[in-house]
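Per-entry structural report
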Amino acid sequence: MFCFFPLHFFQVYFQDSIILSSKKNQRAEGSVSAINNMPIKWVLHWRPNAGTTVNSQIVNEVSQCVESINGIKQGRWKATLSFYKPMLREQANTMEFPRDFLGISLQEQPNKYYFVIRGQRMILEAESSIQTIMEKLQSYKTRVALNFEGFQYQLGDFQLRVGKVVPIHSESLRGIVMEMEYLPISSWEKSHQIMGEFFDIWQEALGKRSLPGHFVHIEPSFSEFGLSDQYTSQHTAVQYASIMAQMIATVQPAQAVRN
């Protein structure tokens, strides 16, 4: 039995039944989002220099750099991102469904699952059981699934997480990510100065290792997704969707050159 989720299903059904917040109700339910405020976080991705690729040695060097500035290793961390596509029987129905959208699970919210539909600037938060429902309904198929995994470090009021991007059931390295979190602040605007200053210090420390690339921070337009200034896990999900778009855009030209 096949049962599809058209776009209005995400906009209406999830919002009323499963979803805690979305682009529309985020504006109307400020009291709910305030409960879920979290420490501010930047999600960074590694941009290789022209003609170079990512490798495990770079991951090791980055981790060693964190430890060299007195980062205390606290354990492992992991996030998972899946690209979905609808399982359509008739191409005539194509426009009714989100063609490509992301599903994201975060270690900080093990009971939640986040959907990002970038074309409609929509972020949806569901119970993690939605993954089982989608699998049983055979409505969407996982096209690609990636793990973001590595180690977490504490540096005073900052937490850094350095990880590699690898396909599930594979060790093929596709990228490097870094989460930079500042615990005392949950306001995106108020955090800009201190996050920017710490990022500059980090880039300077990492630059001494002469690695073939650097970390990049590209700030998404959270307001387009209906998200407020107060940081939540939905902001994190939108950042992961944004860096994946950037990583894909970076990889494709490099592949074209090699071909």
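Residues numbered from 1 in each chain as written. Predicted model: local features only at pLDDT ≥ 70, side-chain atom pairs only at ≥ 80, totals over all residues. Heavy atoms only, no water.

1. Observations concerning the overall build of the protein
Each helix and strand counted, the protein has 7 helices and 9 strands in total. Counting the 259 residues in the protein, one finds 48% classified as buried. Pairs at least 24 apart in sequence give 69% of the contacts found in the protein among residues at least 6 apart. Element-wise, carbon and sulfur atoms account for 50% of the exposed surface of the protein, whose accessible area totals about 12700 Å². (Helix = DSSP H or I, 4+ residues; strand = E, 2+ residues; numbered from the N terminus. Buried < 20%, exposed > 50% of the residue type's maximum accessible area, 1.4 Å probe, protein only. Contact = heavy atoms within 4.5 Å. Areas by Shrake-Rupley, 256 points an atom, 1.4 Å probe, with all protein chains shown as cover.)

2. Overview of the packing of aromatic side chains
Following the criterion strictly, the structure yields 13 aromatic pairs and no others. Measuring from ring centre to ring centre gives 6.0 Å for Trp188 and Tyr231, while their planes differ by 10 degrees; the resulting arrangement is stacked. Linking Trp188 in helix 6 (residues 188-207) with Tyr231 in the loop between strand 9 (213-216) and helix 7 (233-258), this pair joins segments that are 43 residues apart in sequence. For the pair formed by Trp188 and Tyr231, the shared burial category is buried. (Phe/Tyr/Trp six-rings, centres within 6.5 Å; stacked < 30°, edge-to-face > 60°.)

3. Side note on the pattern of salt bridges
For the structure on display, the rule yields 9 salt bridges. One salt bridge connects Glu67 with Lys73, and the closest N-O pair in it is separated by 3.9 Å. Exposure remark for Glu67: the relative accessible area of 38% places this residue in the partly exposed category. Note that Lys112 and Glu127 form a salt bridge whose closest N and O atoms lie 2.7 Å from each other. Here Lys112 is found in strand 4 (residues 112-117), whereas its partner Glu127 is found in strand 5 (residues 122-127), with 15 residues between them in sequence. Salt bridges sharing partners connect three or more residues here, namely Lys41, Glu108, Arg161, Glu179 and Glu181. (Salt bridge = Lys/Arg side-chain N within 4 Å of Asp/Glu carboxyl O.)

4. Describing the confidence of the model for the protein
Looking at the protein, the pLDDT average stands at 83 and 78% of residues meet or exceed 70. When pLDDT is averaged over each helix and strand of the protein, the minimum, 40, is found for helix 3 (residues 30-35) and the maximum, 97, for strand 8 (residues 175-182). Below a pLDDT of 50 lies the segment residues 11-35, which in the model reaches 45 contacts outside its immediate sequence neighbourhood of four places, other chains included. In this model, residues 253-259 is a region of pLDDT below 50 whose contacts with residues beyond four sequence positions or in other chains number 1 contact. (pLDDT = per-residue confidence, 0-100.)

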